[in-house]
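# Working through the structure, step by step
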Amino acid sequence: MIALFLKCLLGAAAVLLIALLSKNKSFFIAGLVPLFPTFALIAHYIVGVERTMDDLRVTALFGLYSLIPYAGYLVSVYFLSYKYSLFWTLSVATVIWLAFAFILLLGWMKLHPSVV
């Protein structure tokens, strides 16, 4: 239960830091905070403790590939923000992230069937 509380605390700290940085003159740094590997550290620790080092390496490799949907999201936000409201920009960019993530998962399962 304490571990779950600490994970929640890390997430809350990240949100607080983003909120504080977004009010700063260097507001763009708020975009770097979500990339801090808070949740990756948690995931890698859990996989490293409960699974093998090979499984940890597979998890890290999949994490690298997961940058593709995130890049799709960011590119979408950048270009859609010229034409659409904040709501529509973020909504469509999220759908694009979901589409890329779905394609990534399908491709991963096809290329690495022994892992699934």
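Provided above is the structure to which this section pertains.
Residues numbered from 1 in each chain as written. Predicted model: local features only at pLDDT ≥ 70, side-chain atom pairs only at ≥ 80, totals over all residues. Heavy atoms only, no water.

Okay, the packing of helix 2 (residues 38-50) against helix 3 (residues 53-65) next. Packing of helix 2 against helix 3 brings their axes to within 8 Å, and their N-to-C directions diverge by 155°. The orientation of helix 2 relative to helix 3 falls into the category roughly antiparallel. By crossing handedness, the relation of helix 2 to helix 3 is classed as right-handed. Facing helix 2, whose interface residues are H44, V47 and G48, helix 3 presents D55, L56, T59 and A60. Here the residues of the contact of helix 2 with helix 3 sort into three nonpolar, three polar and one charged. (Axes fitted to C-alpha atoms, helices over the stretch in contact; angles between N-to-C directions. Helix = DSSP H or I, 4+ residues; strand = E, 2+ residues; numbered from the N terminus. Parallel < 35°, antiparallel > 145°, perpendicular 65-115°, else oblique. Left-handed = near helix turned anticlockwise from the far one by under 90°. Contact = heavy atoms within 4.5 Å. Nonpolar A, V, L, I, M, F, W, Y, C, P; charged D, E, K, R; others polar.)

We now examine the packing of aromatic side chains. Enumeration according to the criterion identifies seven aromatic pairs in this entry. Each ring, one from F27 and one from F28, has its centre 5.9 Å from the other, and the planes form 75°; the classification is edge-to-face. On the basis of relative accessible area, F27 is assigned to the exposed category, the value being 52%. Residue class for F28 comes out exposed when judged on its relative accessible area of 59%. With a centroid separation of 6.3 Å and 20° between ring planes, the pair formed by Y70 and Y73 is classed as stacked. Of the two residues, Y70 and Y73 are both situated in helix 4 (residues 67-80); the distance of three residues between them amounts to about one turn of the helix. Using a relative accessible area of 23% as the deciding quantity, one classes Y70 as partly exposed. Here the aromatic cluster, defined as three or more aromatic residues joined through ring pairs, consists of F62, Y65 and W108. (Phe/Tyr/Trp six-rings, centres within 6.5 Å; stacked < 30°, edge-to-face > 60°. Buried < 20%, exposed > 50% of the residue type's maximum accessible area, 1.4 Å probe, protein only.)

Once that is clear, we can look at a nonpolar patch on the surface. A cluster of nonpolar side chains, contributed by L61, L64, Y65, L67, I68 and F100, occupies part of the molecular surface with about 550 Å² of accessible area. Among the elements of the structure, helix 3 and helix 4 are those that each provide at least two residues to the nonpolar patch. Looking at where L64 falls in the secondary structure, it is placed in helix 3. For L64, a relative accessible area of 55% puts it in the exposed group. (Patch = residues over 30% accessible without salt bridge, like charges linked within 9 Å, V, L, I, M, F, W, Y side chains within 5 Å. Areas by Shrake-Rupley, 256 points an atom, 1.4 Å probe, with all protein chains shown as cover. Salt bridge = Lys/Arg side-chain N within 4 Å of Asp/Glu carboxyl O.)

Our next topic: the side chain of T89. Checked against the element boundaries, T89 lands in helix 5 (residues 86-111). The exposure class assigned to T89 is buried, which follows from its relative accessible area of 3%. With sequence-adjacent residues up to four places away left out, T89 is seen in contact with V77, L80, S81 and Y84.

The next point concerns the pattern of salt bridges. The full count for this structure, using the stated rule, is two salt bridges. Here D54 makes a salt bridge to R57, at a shortest N to O gap of 2.2 Å. Residue D54 and its partner R57 are both found in helix 3; the two are separated by three residues, about one turn of the helix. Exposure remark for D54: the relative accessible area of 48% places this residue in the partly exposed category.

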